[in-house]
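# Breakdown of the fold
Given next are the chains, with one letter for each unit.
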Amino acid sequence: MNAGRLGLKVKRVSSRKRSRDSLKTHLTPARKRGGGPCPQQCPPACRLSSIMADEQAAEFCSDSEDLFGDYDSILEDSSLLAKLDDAEQKERQRDVQPSGHTDFTGLRPTKDVKQHKSCTDDVLTDSILDDLADEPFDDLPASLLQFQEQVKESVKRSRPQDGGKTSTPFKNSDRITEDKPRRKSRRSVADQLKKTMLCNAAAPSSVSRTVGLKEAVVSEEISVAMQAMETVSAETTDLGPFFGLPTKVKDLMFKLRGIKTLYDWQTTCLNLDCVQQRTNLIYSLPTSGGKTLVAEILILRELLCRKKDCLFILPYISLVQEKVRGLASFGLELDFMVEEYAGSKGKFPPTKRRNKTSLYVATIEKAHSLVNSLIESSRIGNLGLVVVDELHMLGDGSRGAIIEMTLAKVLYMSKSTQIIGMSATLGNINDLQTFLRAENYTNDFRPVQLKEYVKLNDTIYEVDPKEENCFRFSRPLNFKYSSAMQKMDPDHIIALVTEVIPAHSCLVFCPTKKNCENVAGMICTYLREEFLQRRQEEKSLLLRELRDSGNGSLCPVLRRTVPYGLAYHHSGLTSEERKLVEEAYSNGVLCLLTCTSTLAAGINLPARRVILRSPYLAADFLKRSQYKQMVGRAGRAGIDTVGESILILQEKDRNMAQTLVCAPMENCFSKLMLDDGKGLLSLILSLIGLNITSSCEQVREFLCGTLLFVQQEQLCVRRSLWEEVQTCVDLLKEKNLISVSADAQTLQVTRLGKATYKGSVDLTYSDILYKDLSKGLEGLLLNSYLHLVYLVTPYDMISQCKPDWMTYFRQFTRLSASEQKISAAVGVPESFVARKAAGQTVKKTVNMEVVSRMYLALVLLSLLKETNLWSVSERFQLSRGFIQTLLSSSSAFCSCVLHFTEELEELWPFRALLMELTRRLSYCVRAELIPLMEVVGVMESRAKQLYNAGYKTLTHLANADPAVLCRSIENLSKKQANQIVASAKMLLNEKASALQEEVDDLLMLPADLPQAPNSQHLS
């Protein structure tokens, strides 16, 4: 901080009692220093350097301990009590001066020295305090400087006024000479202060003295940072101890993350003028450059210094859960809430907290619903900062449209909310800047140098854009292949991976999920026996954990590959299997993963070498952004000095590959017009429903702040943007989602329209959903979950699964009579399924979407009955990953349907039913494990371990000792135990806080409480 300009200082304090001898200063009286006379004045430049950082604070102090025996200040020096002693000593010395000398106030001569001396033991004059003011307390914290000013004011008020003169000890001489009993002796000022402080310290308190002092330090530094942020000028870049944050934050960064210092670009970015002035910012760096840390520091500053809530938007549920888990410890230490908004989790609107700020960590869809709820409840102004990870996803299908809607609403409704976007390098970043009214910071920093190569036939070429064909010869591939190996591995993948494994790590990106499994198996076939000996015990433990996660079942491919240190990673694995594989790879137990592109977009798993098995994803040629994201995983910061990527090419793909590796980055375009303007329809509906707009003119005004408006020349070719708006309004009227008032001027949302946007239901399905729910009420059967499960099976999952008719018929015959009746009622009779299973032609017309939806509902019903994902997977011949995706999608859609029914009075019976079903679908485990699985990072197998070890409730887990937890639970690391306990504490605090807020609301005196009528009115 620019201390000279702001006049602010931060001092660190410690509760450890230290010997005063090591801290003697010019302010210590001579009799205590054992030296010569005390200097009369300290040079202003003199300051005592802090030694607190080198000495560990005591964990506790006895309440009866004399903290002041050898060292009489909780500050870094003995200045306060020493000054009192010194000033009082001076007064006593001056009191015995011969008659005729002036007293120390210098205002009048002494009249009666004897009389003066007799009263010095009884009267504490304000002259001592005057003397203390001779030297400024420049080195005190701001809070003590304020206390000093208060003392001075109280002294001034206590002095009688006499022509503006300063009061003296002899103003009231008559009162002094009254014959009153005198005390034999009087304690010194320092002794009295010590006694008072010790009495205060001995007072019973539920908080230890050490904790109190630590909190005082944090509070002091936060206060300083807040003052700095309010008064800092535009050119000031230094706001406090750690970018405007308390020193404790820096200590936590090292303790929890191992981060000692920031990269130069991070420091530069945090000190940008636009960051200091809280204007919007987009910053672009390569993968693994450390973008997230900058965002987290800005979030902490907003939460702690400005006391505003923050929203952190991430693209995937797994990333949200990882971030919640990682930030829970910060929340507990710094006293803010971390709330998860992903899948079926999240409350709308969020709990309003009086004394705490909240960090909402949300997926793209949940963030949009959250912003809508804050606007509707007039609380959007409480949102101080929105951070968007992967901002370039604005150009990614329907999810990109949702990001654009969310940010446009924040920009329009809250001028005080800052938006920070983290993005890959884009070709048209200027369009995004215009949309967000943001500055742009770009840097090509990578913590580890990346070298890109391609492989053609038996030769490795280095990618060099300066070359005419982008490729420069590097080396031939030296590896002797037998004819059998050449036939099995024509692309020489084994040769490429064995150059780095097992000493280093390697990722092999494959075009399909099946190819991932095949490549992993092929590599194992030709690996040497020594791979089996490496970290054998840890691999055996990993296999046991994988088997436990599958309730005794283990994937045959993983059973074969894991002993060699290899595994595959794609969406066909369950989330628990993926997590175990990721942790084993991060810890070095596994040295190679064969994976799909989803790994590059998710959790950060770097490698020494990244191999792209093909330039295709399924049948589609790679985009440059996808290629960059995958090769960006090469190079592990702090481990490798260089990272390398190798793209395997066929001759036919050479020209396209040159464009892929050397072309500029793609442009990012608005997706509001995707699928015949579905995003624009949804946006207009929510704008009208939230009362942001009520006419076509206001809708147009709002749209001027969208990315679509910025890019309308490229995107609105057939019709102008305003013609598109009018078309959308007409279509919404036709769908009975909005209506026009009698004067034909005001647009209003219908009940169905309100339910649609509040439930975040796709406009394509809102009418169908309403009809299905209404029809379901006519014959709702509750002796089975089947009817309810069918109603919440996502419509968009239907196309992803084709029924196996023999399996369908087999499962249908296992249904009870009432369940078969339900199936027939929705349009799937037994006769139809039987004919399809027999391969016969069905003449009767049946809605195949309904048939497929019922098939998925049977999968979900089997899961709810058995809770064994493996057995259900085998029965229906579907991958474990697909079934888990179906389960999580159904729980999220069930939550949407619940909000949908809350807005439609006629659907009231569904509210209580769907609330419990959402909970069951979210976890799909035995009821007693659900409280444990609510904790972020606790999967089913871990929940079983915890439950069997006696940790049966959230309270048990929140109060657990991490060290004991490590010993009680097999293969639980200290870091994992700390994260589980921190997450449990955060969740418990969140629930307790919500209940306390409810209690406070109930007990609060109503502002509009009627008062007693005036007597005049009565007469």
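As a reminder, the structure under discussion sits directly above these lines.
So, here is what we can say about the structure in this document. Predicted model only: the values in this text are computed from it and were never measured.

### A short note on a nonpolar patch on the surface
- Taken together, the side chains of Val-999, Leu-1002 and Leu-1003 define a hydrophobic patch exposed on the protein surface, amounting to about 340 Å² of accessible area.
- Within the fold, Val-999 resides in helix α47 (residues 974-1003).
- On the basis of relative accessible area, Val-999 is assigned to the partly exposed category, the value being 37%.

### Points about the packing of helix α14 (residues 317-334) against α47
- Two numbers describe how α14 lies on α47: the axes approach to 8 Å, and their chain directions differ by 65 degrees. Where α14 crosses over α47, the handedness of that crossing is left-handed. Contact residues: Arg-325, Ala-328, Ser-329, Gly-331 and Leu-332 in α14; Gln-979, Ala-982, Ser-983, Lys-985, Met-986 and Asn-989 in α47.
- Taken together, the residues of the contact of α14 with α47 sort by class into four nonpolar, five polar and two charged.

### Focus: the sheet that holds strand β1 (residues 280-284)
- Overall, parallel pairing links the seven strands, which are arranged β3-β4-β2-β5-β6-β1-β7 in an open sheet. Looking along the sheet, the strands with just one partner apiece sit at the ends: β3 (337-341) and β7 (438-442). Sheet twist, expressed as the mean angle between neighbouring strand axes with direction ignored, is 15 degrees.
- Here strand β2 (residues 309-313) runs beside strand β4 (residues 358-362); their pairing, made up of four bridges, is parallel. By the bridge assignment, Leu-311 is partnered in β4 with Tyr-360.
- Of the strands in this sheet, β2, β3, β4 and β5 (383-388) are in contact with helix α15 (residues 364-376), which crosses β2 at around 150 degrees.
- In the packing of helix α16 (residues 397-413) onto the sheet, the strands contacted are β1, β2, β5 and β6 (418-423), and the crossing angle to β5 comes to about 155 degrees.

### Side note on the nonpolar core
- With 121 residues, the main nonpolar core has Leu-311 and Tyr-808 as its most contacted residues.
- With 12 residues, the top contributor of residues to this core is helix α39 (residues 848-866).
- With sequence-adjacent residues up to four places away left out, Leu-311 is seen in contact with Tyr-360, Ala-362, Ala-367, Leu-370, Val-371, Leu-383, Leu-385, Val-386 and Val-387.
- The next biggest cluster of nonpolar side chains, apart from the first, holds 74 residues, and it includes Phe-471, Cys-510, Leu-558 and Leu-593.

Rules used in this analysis
- Residues numbered from 1 in each chain as written.
- Predicted model: local features only at pLDDT ≥ 70, side-chain atom pairs only at ≥ 80, totals over all residues.
- Heavy atoms only, no water.
- Patch = residues over 30% accessible without salt bridge, like charges linked within 9 Å, V, L, I, M, F, W, Y side chains within 5 Å.
- Areas by Shrake-Rupley, 256 points an atom, 1.4 Å probe, with all protein chains shown as cover.
- Salt bridge = Lys/Arg side-chain N within 4 Å of Asp/Glu carboxyl O.
- Helix = DSSP H or I, 4+ residues; strand = E, 2+ residues; numbered from the N terminus.
- Buried < 20%, exposed > 50% of the residue type's maximum accessible area, 1.4 Å probe, protein only.
- Axes fitted to C-alpha atoms, helices over the stretch in contact; angles between N-to-C directions.
- Left-handed = near helix turned anticlockwise from the far one by under 90°.
- Contact = heavy atoms within 4.5 Å.
- Nonpolar A, V, L, I, M, F, W, Y, C, P; charged D, E, K, R; others polar.
- Pairing = 2+ DSSP bridges.
- Core = buried A, V, L, I, M, F, W, Y, C linked by side-chain atoms within 4.5 Å.

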